Amino acid sequence: MKKNITLIAITILFPALSFGQVFLETLEGDEITLNPIGINNGAILGSLNSSEQSLQFKSVFTLPNKNGVLPNQFVTLSVKGKPSDGIATLFSGGNFNPSTAINLAYSKIHLFSDKDKADAKFIDFFTLKAGYNVNKQTLFKSDTLFKDQINDFTFEGLDLSFNYNALLSGKNLLTVSIGYAQKNNYSKLDKVEIKDFATITDSLSGTSRTYSETINGRMGNYKEYESFPFRIAYTSCPSEFKEDENKMKFGYTLYYSSEFGNNTPAHNLGALLFLTKQSEKTGIRTPVIGLGIQANDISDNLNKGNNLTKRVTFNLTTTFNLTSL
Amino acid sequence: MKTRDLRLEIKIWGSMLECRVFLETDEVGLWAYNASKKIFFKELPDYPIEGELDVRMFCKGKNGASAKLTVKIKDQADDSLECVINKGNSETSKSITIIQTADL
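What counts, and where the lines are drawn
- Residues numbered from 1 in each chain as written.
- Chains lettered and ligands numbered in written order.
- Predicted model: local features only at pLDDT ≥ 70, side-chain atom pairs only at ≥ 80, totals over all residues.
- Heavy atoms only, no water.
- Helix = DSSP H or I, 4+ residues; strand = E, 2+ residues; numbered from the N terminus.
- Rg over C-alpha atoms; globule rule 2.2 N^0.38 Å.
- Buried < 20%, exposed > 50% of the residue type's maximum accessible area, 1.4 Å probe, protein only.
- Contact = heavy atoms within 4.5 Å.
- Areas by Shrake-Rupley, 256 points an atom, 1.4 Å probe, with all protein chains shown as cover.
- pLDDT = per-residue confidence, 0-100.
- Core = buried A, V, L, I, M, F, W, Y, C linked by side-chain atoms within 4.5 Å.
- Buried area = accessible area lost by both parts, 1.4 Å probe.
- Salt bridge = Lys/Arg side-chain N within 4 Å of Asp/Glu carboxyl O.
- Polar contact = N/O pair within 3.5 Å; in protein donor to acceptor, adjacent residues only side chain to side chain.
- Nonpolar A, V, L, I, M, F, W, Y, C, P; charged D, E, K, R; others polar.
- Patch = residues over 30% accessible without salt bridge, like charges linked within 9 Å, V, L, I, M, F, W, Y side chains within 5 Å.

A. Structural detail: the overall build of chain B. When helices and strands are counted, chain B shows zero helices and nine strands. Counting helices and strands in the order they occur from the N terminus, chain B gives β-β-β-β-β-β-β-β-β. Taken over C-alpha atoms, the radius of gyration comes to 14 Å for chain B, in line with the 13 Å a tight globule of 104 residues would show. Structurally, chain B occupies a C-alpha span of about 50 × 30 × 20 Å along its principal axes. In chain B, buried positions account for 56% of the 104 residues. Long-range pairs, those at least 24 residues apart, make up 66% of the contacts in chain B between residues at least 6 apart in sequence. On chain B, roughly 4,900 Å² of surface is accessible, and the fraction owed to carbon and sulfur atoms is 47%.

B. Molecular detail of the confidence of the model for chain A. Mean pLDDT for chain A: 75, with 71% of residues reaching 70 or above. Low confidence marks residues 320–325 of chain A, where pLDDT is under 50. Its contacts with residues over four positions away, or in another chain, come to 21 contacts.

C. Quick peek at the nonpolar core. Among the nonpolar cores identified, the biggest contains 31 residues, and B:I10, B:C19, B:L53 and B:L69 are the most heavily contacted of them. When residues of this core are traced back to their parent elements, those giving at least two are strand 1 (2–13), strand 2 (16–23), strand 5 (39–49), strand 6 (53–61), strand 7 (66–73) and strand 8 (79–84) of chain B. With nine residues, the next largest nonpolar core counts A:V60, A:I109, A:I123 and A:C237 among its residues.

D. Quick peek at the environment of B:N86. Looking at where B:N86 falls in the secondary structure, it is placed in the loop between strand 8 and strand 9 (89–96). Counting along the chain gives 24 residues from B:N86 to B:K62, while the straight-line C-alpha distance between them is 7.9 Å.

E. Seen up close, the interface of chain A and chain B. Contact with chain A, which involves 44 residues of that partner, is made by 35 residues of chain B. Here chain A and chain B share an interface that buries about 3,300 Å² over both sides, 59% of which is from carbon and sulfur atoms. The interface formed by chain A and chain B includes one salt bridge. B:R20 serves as the salt-bridge partner of A:D116, at 2.9 Å between the closest nitrogen and oxygen. Counting across the chain A and chain B interface gives 17 residue pairs in polar contact (both at pLDDT 80 or more). Residues that form the side of chain A that touches chain B fall into these classes: 16 nonpolar, 14 polar and 14 charged.

F. A nonpolar patch on the surface, seen in detail. Residue and element names in this part refer to chain A. On the surface, a nonpolar cluster with roughly 650 Å² of combined accessible area is contributed by F61, L77, V79, I102, L104, Y132, L158 and L160. Breaking the nonpolar patch down by element, the ones donating at least two residues are strand 6 (73–83), strand 9 (98–109) and strand 11 (150–168). Within the secondary structure, L158 sits in strand 11.

Okay, structure coming up:
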């Protein structure tokens, strides 16, 4: 297996209004924790994930709350686009190869926590999410008829998830996420660059001209499967006291993630260290930059036969806010 | 029993998950938001008050987050309460004396 120095993303959304969100993503752009701490009006929030080279836009809407000052129910619509094989291959062989995912989520404060207990140190919130993704991909099969070797196809997948978060004593955020996803192993296959050469000979001058077309794709044992992703994470959230508003503070997350289902599960362990800055307008402390490390397939279930150190990846990301309302 | 026009305003600081306000034993809900001033507010015209106005507020969220509630009662100075979250929660309460206005 190639030595991977990739980046695990911390995607942090800076709040447009009074409240903050901290989103942490895996390499593949899956959110580790999804905790809309509160958005008062709809806000378009953008984020970049350097690893999967994606661009995501989120719009959050709040539902009215008969009890309480703050909204406690949210609907989030997000659209994510990325090239199927990286930015460099967005246009390949005359084709446009995007992958697009659209997600709709419903979030609510209080699942098990007692909303009426004023001195409770525990408050929780959850999100139900449904997503649909469309991916234009190219497979190369060298062991078949020449005309059938390059296969352009579209993979469509559905994914559902339940994300639960519990904030303990105002500092310790525990997250559990379970889901169902229709996936394929395209991103795990070997990258291949296919070049078709053609030669034209000019009968008058006798000059031969050779030109080529490059198509980027993948080759290997392609599979489609159903998976049940699972993640558990702990985040230490830095405090937001007003007297510290000019200070930058560190926070960190530790997580375990895996995918169960028909394929062999790979168990991943990760850690993210992020630096936070407090907004002087809202008081929300959000990460501005983060560094992550993930040990993939710690028990070598995928039997790559290589050292664990070769299955360690790093990631670095930041995010931006598109609107300020 | 007298009635007074009340206006409640709340300024939130930090990552607040929940903030609840009670006047006497009634909870105040369906707050509006003023985006330019970044405050939540609630108008309560002709609010019935007997004796003092008991106000209670509690909040939950990240440590350091705070909520400042300003109670504006017509014909008297504003009163305020503040919650600053520590160990995940904060609660405060106050009894506001209603200044009697001269009857015309």
